[in-house]
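# Survey of secondary and tertiary structure
This is what each chain is made of:
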Amino acid sequence: MNPSRRLLQSRVPKARGQRGAALLTAMIIVTLVTTLAGSMLWQQWRAVQVEAAERARSQAAWMLNGALDWARLILKEAAKSGGGSVTSLDQPWATPFEEARLSTFLAVDSAHTDDAPEAFLSGSIVDAQSRYNLTNLSRDGKVVEAEQQVLERLCQNLGLAADVAARIAVALNDARAGAANAPLLPATVGQLGWLWIDAETVRQLAPYVALLPEPTPLNINTAPREVLAAVIKGLDLGSAERLVQTRQRKPFANLAAVEQLLPTLGKPDPKQLGTTSNYFEVRGRLRLLDRVLEELSLVQRKGARDAVVLQRERVSSHQPGGA
């Protein structure tokens, strides 16, 4: 065979091997570049999402501040107009703020509302002294027996287990006194689970009890019949319903009016019953784009001068129709 032909044939496999290696190298490089580019794009997308979420959170907090300021203003105005001596459900604070598009308040005219964010705000105020105050259960490091009996009657009215009242009273007293092996002291009703109270019991109790910073009387003008029948010893649910219907026509101006309506029950104790309130629960709800945020605040009204926010907590944050 011709030597030159033999040399040419020996070089063909080597050339093919070099081309295969070059192609493989190119494919690896393309894969690496694609992976790096995808990673950079993902990181950029993530940064944008984080920034958008932070901006939405700041906007939501600002808007919910507005709902809280609205509630404080309503409470102060109610005190100026006579609500300081009597707190009742026929006053403006008791009317919920129905959901409204925020842009209707922010825009100067309707021509600018199209560019406003799709934010909807609503809120409500509940008299915290319309509920039985669990803080009343203990005094000077001891459980107050009369108050424990009030909670027992309330649990009975709600169909709860007979031992719930005693368990709450003892655990709260131990937590407040700092006893050995005592549970954490809850700051809200939702934290009663810290006292080893099951979630279903807490859910049933929540509309009827409160945890306020100090002992308070029950407002007879705003309390539901179940709580009235528990606090007023000897009052059954039927008579409590009669109290509710009477105050709907005309709120009680003082405890003497209650005594006149229920003479057989004796003179009401002003430490247990009253006709005015200083503590209120404010709930704000915001729908911002595809998010729903709810916030619960405890507000103390100090006459007609001020309303101070004592507690503030996010109670839910979710997407409509989602988690």
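Whatever comes next refers back to the structure up there.
About the criteria used
- Residues numbered from 1 in each chain as written.
- Predicted model: local features only at pLDDT ≥ 70, side-chain atom pairs only at ≥ 80, totals over all residues.
- Heavy atoms only, no water.
- Helix = DSSP H or I, 4+ residues; strand = E, 2+ residues; numbered from the N terminus.
- Buried < 20%, exposed > 50% of the residue type's maximum accessible area, 1.4 Å probe, protein only.
- Areas by Shrake-Rupley, 256 points an atom, 1.4 Å probe, with all protein chains shown as cover.
- 1 Å grid on protein atoms, 1.4 Å probe; cavity = no way out; pocket = protein on both sides within 12 Å on 5 of 7 lines; lining within 4 Å.
- Points joined across faces, edges and corners; volume = space filled by probe spheres on them.
- Nonpolar A, V, L, I, M, F, W, Y, C, P; charged D, E, K, R; others polar.
- Salt bridge = Lys/Arg side-chain N within 4 Å of Asp/Glu carboxyl O.
- Expected span 1.5 Å × (residues − 1).
- Contact = heavy atoms within 4.5 Å.
- Axes fitted to C-alpha atoms, helices over the stretch in contact; angles between N-to-C directions.
- Parallel < 35°, antiparallel > 145°, perpendicular 65-115°, else oblique.
- Left-handed = near helix turned anticlockwise from the far one by under 90°.

What follows concerns the overall build of the protein. When you go through the protein residue by residue, the secondary structure sums to 8 helices and 11 strands. Per-residue burial over the protein gives 37% buried out of 323 residues. Here the protein has roughly 18,700 Å² of accessible surface; of this, 56% comes from carbon and sulfur atoms.

The next point concerns empty space enclosed by the protein. Under the counting rule described, the total for this entry stands at 2 cavities of 30 Å³ or more. Reported here for the largest cavity is a volume of approximately 70 Å³. Every residue along the wall of the largest cavity is listed here: Arg-131, Tyr-132, Asn-133, Asn-136, Glu-147, Thr-216, Pro-217, Leu-218, Val-231, Lys-271 and Gln-272. Across the lining of the largest cavity, the residue classes tally to 4 nonpolar, 4 polar and 3 charged. By volume, the second largest cavity amounts to about 40 Å³.

What follows deals with the pattern of salt bridges. What the rule picks out here adds up to 11 salt bridges. Glu-200 serves as the salt-bridge partner of Arg-203, at 2.4 Å between the closest nitrogen and oxygen. In this pair, Arg-203 and Glu-200 both sit in helix H5 (residues 199–205), 3 residues apart, roughly one turn of the helix. Judged by its relative accessible area of 52%, Arg-203 is exposed. Sharing partners across several salt bridges, the network here consists of Glu-99, Arg-283, Arg-285, Arg-287 and Glu-294.

Turning to helix H4 (residues 164–177), a few remarks are in order. Between the first and last C-alpha of H4 there are 20 Å, a value that for 14 residues agrees with the 20 Å anticipated at 1.5 Å per step. By the burial criterion, the buried members of H4 are Val-164, Ala-165, Ile-168, Ala-169, Ala-171, Leu-172, Asn-173 and Ala-175. Residues of H4 that are buried make contact with strand E4 (138–139), strand E5 (142–143), helix H3 (145–158) and H5. Downstream of H4 by a residue or two, Gly-178 has a phi angle that is positive, lying close to 70 degrees.

At their nearest, the axes of H3 and H4 sit 8 Å apart, and the two run at 140 degrees to each other. Compared by their axis directions, H3 and H4 come out oblique. Every pair of crossing elements has a handedness; the one defined by H3 and H4 is right-handed. Contacts from Gln-148, Leu-151, Glu-152 and Cys-155 of H3 reach H4 at Val-164, Ala-165, Ala-166, Ile-168 and Ala-169.

Shape descriptors only; they carry no functional weight alone.
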